[in-house]
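Spelled out from the first residue to the last, the chains are:
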Amino acid sequence: RIEGPRGERRVSLTIAELKAQRDWDPLVTFVGMDGFGYSIFLSRALSDDVVLAYECGGEPLDTEDGGPLRLVKDGQHAKWVETVILE
């Protein structure tokens, strides 16, 4: 439970909790600042080997390395992630 901006009570779930309650496996699209998108199913996106990296060696990722946020999956990368869409 969390409090809303006007003090109202709200109930929240993580995406993993929502998925567990429903037979739901939408596509997750990660869109970079360059306009390119990379889509995978939510069940795959929740795997331990799919990560959104924002640091390397204790330092924030720089733009050259795909920062501020980079998707890493199976040795593939999507750089400059700025939007995540559930479809």
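Above: the structure in question.
Residues numbered from 1 in each chain as written. Predicted model: local features only at pLDDT ≥ 70, side-chain atom pairs only at ≥ 80, totals over all residues. Heavy atoms only, no water.

### Here we look at the sheet that holds strand 9 (residues 76-78)
For clarity, the threshold we go by: By the convention used here, strands pair only if DSSP detects at least 2 bridges between them. Helix and strand definitions follow DSSP, with helices as H or I runs of at least four residues and strands as E runs of at least two, each counted in order from the N terminus. Orientation is described by axes fitted as lines to C-alpha atoms, over the contacting stretch for helices, and by angles from 0 to 180 degrees between their N-to-C directions.
Pairing in this open sheet of 3 strands is antiparallel, and the strands run 5-8-9 from one edge to the other. Sheet topology places strand 5 (50-53) and strand 9 at the edges, where each strand pairs with a single neighbour. Taken pair by pair, the neighbouring strands of this sheet meet at an average axis angle of 20°, ignoring direction. The pairing of strand 5 with strand 8 (residues 70-73) spans 4 bridges and is antiparallel. The residue bridging Val-51 from the neighbouring strand is Val-72, located in strand 8.

### Focus on the pairing of strand 8
Pairing geometry for strand 8 and strand 9, over 3 bridges, is antiparallel. In the sheet register, Lys-73 faces strand 9, and the bridge partner there is Gln-76. Linkage of strand 8 to strand 9, two consecutive antiparallel strands, is achieved through a turn of 2 residues, within which Asp-74 is found at a positive phi near 50°.

### Re the pattern of salt bridges
A side chain with one charge may pair with a side chain of the opposite charge, provided their charged atoms come close. Spelled out, the test is: Definition used for salt bridges: Asp or Glu carboxyl oxygen within 4 Å of a side-chain nitrogen of Lys or Arg. Burial here depends on accessible area, computed with a 1.4 Å probe over protein chains only, as a share of the maximum for the residue type. Under 20% is buried, over 50% is exposed, and the range in between is partly exposed.
Overall, the coordinates contain 3 salt bridges when judged by the stated rule. For Asp-74, the salt bridge identified is with Arg-44, shortest N-O distance 2.8 Å. Taken together, the positions of Asp-74 in the loop between strand 8 and strand 9 and Arg-44 in helix 2 (residues 42-45) put the pair 30 residues apart, joining distant regions of the chain. Since its relative accessible area comes to 47%, Asp-74 is described here as partly exposed. The residue Lys-73 makes a salt bridge to Asp-74 at a minimum N-O spacing of 2.7 Å. Overall, the relative accessible area of 10% leaves Lys-73 in the buried class. Put simply, Arg-44, Asp-49, Lys-73 and Asp-74 are held in one network by salt bridges that share partners.

These results come straight from atomic positions and should not be treated as a statement about function.
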